[in-house]
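Spelled out from the first residue to the last, the chains are:
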Amino acid sequence: MNSFRTESDLLGELQIPQNAFYGVQTQRALNNFKISNHKLSQYPIFIKSLTIVKLAAVDANFELGLIKEDLKKYISEACLDILKDQYFDQFPIDMIQGGAGTSVNMNANEVIANIALEKMGHEKGDYQYCSPNDHVNMSQSTNDAYPTALKLALFQSSKNITNSLEKLFFALDRKAKEFENVIKMGRTQLQDAVPMTLGQEFEAFAFTLKKEIPYLQEQAFQFLEINMGATAIGTGINAPKGYAQLCTEKLAQLLNEPVKLAENLIEATSDTSGFVAYAGALKKLAIKLSKICNDLRLLSSGPRTGLYEINLPPKQPGSSIMPGKVNPVIPEVVNQVCFKVIGNEATVSLAAEAGQLQLNVMEPIIALSLFDSIELLTNAIDTLREECVDGITANVDHLRNEVHNSIGIITALNPIIGYKNSTKIAKQALEENRSVYELILEHNILTKEELDKVLDPKTMLSSH
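Residues numbered from 1 in each chain as written. Predicted model: local features only at pLDDT ≥ 70, side-chain atom pairs only at ≥ 80, totals over all residues. Heavy atoms only, no water.

## Observations regarding the overall build of the protein chain
The line we're drawing: Helix and strand assignments follow DSSP, with helices taken as H or I runs no shorter than four residues and strands as E runs no shorter than two, numbered in order from the N terminus. Put simply, the radius of gyration uses C-alpha atoms, and a globule should come to 2.2 Å times the residue count raised to 0.38. To sort residues, take the accessible area from a 1.4 Å probe on protein chains only and compare it with the maximum for the residue type: under 20% means buried, over 50% means exposed, and anything in between is partly exposed. The contact rule is simple, with two residues in contact once any of their heavy atoms fall within 4.5 Å. Methods summary: accessible areas were calculated by the Shrake-Rupley approach with a probe of 1.4 Å, and residue burial reflects only the protein chains presented.
A count of helical and extended segments in the protein chain gives 19 helices and eight strands. Relative to the 2.2 N^0.38 estimate, which gives 23 Å for 464 residues, the radius of gyration of the protein chain is 30 Å and therefore markedly larger than a compact globule would have. Its C-alpha atoms give the protein chain principal-axis dimensions of about 100 × 50 × 35 Å. The buried share among the 464 residues of the protein chain stands at 50%. For the protein chain, the proportion of contacts with a sequence separation of at least 24, taken over those separated by at least 6, is 71%. By element, 51% of the accessible surface of the protein chain is carried by carbon and sulfur atoms, the whole surface being about 21,900 Å².

Structure representation (structure tokens):
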């Protein structure tokens, strides 16, 4: 049978499992918020950021003479244990919660305090020797500790998506070089337009994603501006003079990143626009990525009655009833991820707008939405590269024949054969369902060598 210890708070007493390092406020959150399957324990990067905030805080408090050396030592050791990937299972609370993140902050405070207590030779819950509130949370409030930890975690997480995006850019760029001499018809409004190369098409895919890397980095960089020392509403109540700047400096040293203190702590405590900007950057990327996947599905459509310009790697049988059918499942799943990310951006926007006066209490759903979007997009980008882009091949002969048969090549030939000849050939090709290429030769307007030179991809790229 499980054994329990009794802890108390403002609302009374609760039974806590004896082996749990969390305490009464975490237990209340477990009882109150049975909302989703997303637990804090599933987000180790967030737990580590919370722990680093507590480590910086205890260092600052010690340097300012607010906490004794032996207590500082045990709290620091407890934090370092968590940073070594220990105790993550002691963060069981739901990511979606009321209270503006108080449950998350207290979960960290309680776990750190109880680890420290055991190191000191005391029982869990014997908070007179090391208190979650008085010692671990000293000079802090949820309203500065929670958003600071969240921002630092998101900054670190953002590196994952930019690394994956860079790899996808290089994969698409390799395809662009592989297909640089494969001529095809470009399209506008799904109608034949003018010739281009398949390499140019993939180069455009690569370039549009490349532009998002510095943009994402720029938005993530905003997360390094924090409000530590703001405490409850930004006035710094209960934090000593010099604490805000000192704690910020400690965080910068621990993370080896240019963390800086916000200029106006009251504004910074209630403002969530940095989260909105980053969610918008993820949405922008998702829209671009989804458009590319739409194009890959169109370009590979067929094989007999579609465009059939490229082949995507076959990944699984496509139908339970139609033998031989293979569907573009990888672009399809990436599309769906993009839809979710776009929806998450709407959630972040609404949560940011819901802020009132000196605090925005909706930060927990902002946190979950952004972590969700980063993880989903990172996985989707890696999947698209590994399972699709790297294995794409071109149907070279089919593409060349489409160019030769297309009325659209008249536009490319117009400067050479003249508008009158172009009009005559286009009209005849349409009326007789003939190839423009064939008619140009039949009317002796150009020789085969001259025509092939005009339609050579190198000639078509020479003006750029």
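## What to know about the pattern of salt bridges
This is how the line gets drawn: Salt bridge criterion: a side-chain nitrogen from Lys or Arg within 4 Å of a carboxyl oxygen from Asp or Glu.
Taken as a whole, this structure holds 31 salt bridges when the rule is applied. Residue Asp397 is joined to Arg400 by a salt bridge in which the shortest nitrogen-to-oxygen separation is 3.1 Å. On the criterion of helical spacing, the pair formed by Asp397 and Arg400 is a turn pair, its members being three residues apart in helix α14 (residues 396-405). According to the relative accessible area criterion, Arg400 is partly exposed, its value standing at 35%. Taken together, the shared-partner salt bridges in this structure form one network comprising Lys184, Arg187, Glu201, Glu309 and Glu402.

## Thoughts on α14
Rule in force here: As used here, the arc is the angular range of directions from the helix axis to the C-beta atoms.
Turning to α14, its buried residues number three or more, namely Leu399, Val403 and His404. Seen along its axis, α14 keeps its buried residues to an arc of 140°; they face one direction. Buried-residue contacts for α14 involve β3 (183-188), α7 (198-210), α15 (409-417) and α17 (436-442).

## Focus on the pairing of strand β1 (residues 4-9)
For the record, the criterion: Note on pairing: DSSP must find at least two bridges between two strands before they are called paired.
Bridge count for β1 against strand β2 (residues 12-17) is six bridges, and the pairing is antiparallel. Bridging from a neighbouring strand, Thr6 pairs with Gln15 of β2.

## Topic: the pairing of β3
Pairing geometry for β3 and strand β4 (residues 191-197), over five bridges, is antiparallel. Of the residues in β4, the one forming a bridge with Ile183 is Thr197. In sequence, β3 turns back onto β4 through a hairpin of two residues, with Gln189 there showing a positive phi of about 55°.

## Things to note about the packing of aromatic side chains
What counts here: Side-chain rings of Phe, Tyr and Trp (the six-membered ring for Trp) are treated as a pair once their centres are within 6.5 Å; stacked means planes under 30 degrees apart, edge-to-face means over 60, and tilted covers the remaining angles. To sit over a ring, a charge needs its Lys NZ or Arg CZ within 6 Å of the ring centre and within 35 degrees of the ring normal.
One pass over the structure, following the stated rule, counts nine aromatic pairs. Ring plane angle 75° and centroid distance 5.6 Å describe the contact between Phe46 and Tyr146, whose orientation is recorded as edge-to-face. A residue pair is termed long-range when its members are at least 10 positions apart, and Phe46 in helix α2 (residues 44-63) and Tyr146 in helix α6 (residues 142-178) qualify at 100 residues. Residues Phe46 and Tyr146 agree in their burial class; the two are buried. Seen from their ring centres, Phe223 and Phe275 are 5.7 Å apart, and the 35° between their planes marks the pair as tilted. Taken as a pair, Phe223 in the loop between α8 (212-221) and β5 (225-226) and Phe275 in helix α11 (residues 273-299) lie far apart in primary sequence, 52 residues in all. Using a relative accessible area of 1% as the deciding quantity, one classes Phe223 as buried. Look at Phe275 and you get buried, because its relative accessible area is 2%. Among the aromatic residues, ring-to-ring pairing joins Tyr43, Phe46, Tyr146 and Phe371 into one connected group. We note Lys124 situated over the ring of Phe21; from NZ or CZ to the ring centre the distance is 4.6 Å.

## Examining the side chain of Asp81
Along the chain, the position of Asp81 falls in helix α3 (residues 69-83). Among the residues examined, Asp81 registers a relative accessible area of 12% and is labelled buried. Ignoring any residue separated from it by four or fewer positions in sequence, one finds Asp81 in contact with Gln86, Tyr87, Ile115 and Lys119.

## Topic: the nonpolar core
Heads up, the rule is: Grouping buried Ala, Val, Leu, Ile, Met, Phe, Trp, Tyr and Cys residues that are joined through side-chain atoms within 4.5 Å yields what is termed a nonpolar core.
Grouped together as the largest cluster of nonpolar side chains are 115 residues, with contacts concentrated most on Phe46, Ile75, Phe202 and Leu384. With 15 residues, the single largest contributor to this core is α6. Beyond its immediate sequence surroundings of up to four residues, Leu384 is in contact with Leu168, Leu289, Cys293, Leu296, Ile330, Val334 and Val389.

## Quick notes on the packing of α15 against helix α16 (residues 419-432)
Defined as follows: Axis lines are fitted through C-alpha atoms, for helices just across the contact stretch, and the angle between N-to-C directions can take any value from 0 to 180 degrees. All amino acids are sorted into three groups, where Ala, Val, Leu, Ile, Met, Phe, Trp, Tyr, Cys and Pro are nonpolar, Asp, Glu, Lys and Arg are charged, and the leftover types, Gly among them, are polar.
Direction vectors running N to C along α15 and α16 enclose 140°, while the axes themselves pass 7 Å from each other. Where α15 abuts α16, its residues Ile410, Leu413, Asn414 and Ile417 lie against Tyr419, Asn421, Ser422, Ile425 and Ala426. When grouped by side-chain class, the residues that make up the contact of α15 with α16 number six nonpolar, three polar and no charged.

## A few points about the environment of Ala346
Note on placement: Ala346 falls in helix α12 (residues 329-353). Distance from Ala346 to Gly280, taken between C-alpha atoms, is 9.0 Å for residues 66 residues apart in sequence.

## Notes on the packing of α11 against α12
Going by this rule: Here the angle decides the label: under 35 degrees means roughly parallel, over 145 means roughly antiparallel, 65 to 115 means roughly perpendicular, and every other value means oblique. Whether a crossing is left-handed or right-handed is set by the direction in which the near helix is turned from the far one by less than a right angle, anticlockwise for left-handed and clockwise for right-handed.
Axis separation between α11 and α12 bottoms out at 8 Å; the angle between their running directions is 160°. When the axes of α11 and α12 are compared, the pair comes out roughly antiparallel. Considering how the two elements wind past one another, α11 and α12 form a crossing that is left-handed. For the contact of α11 with α12, a count of residues per class yields 17 nonpolar, five polar and four charged.

## Brief notes about the state of the cysteines
Cut-off, in case you're wondering: Put simply, a disulfide is two cysteine sulfurs that come within 2.5 Å.
Counted according to the given criterion, the structure contains zero disulfides. Distance from the sulfur of Cys130, which forms no disulfide, to the nearest cysteine sulfur (Cys79) is 9.6 Å. No disulfide involves Cys338; its sulfur sits 6.2 Å from that of Cys293, the nearest cysteine.

## A look at the side chain of Gln219
Selection rule: Nitrogen and oxygen atoms within 3.5 Å of one another constitute a polar contact, given that in protein one can donate a hydrogen and the other can accept it, and given that sequence-neighbouring residues count only through two side-chain atoms.
Inspection of the secondary structure puts Gln219 in helix α8. Assessed through its relative accessible area of 8%, Gln219 is described here as buried. One polar contact links Gln219 to Gln222, side chain to side chain, over a distance of 2.8 Å. Gln219 has contacts with Ala277, Tyr278 and Ala281, leaving out every residue within four places of it along the chain.

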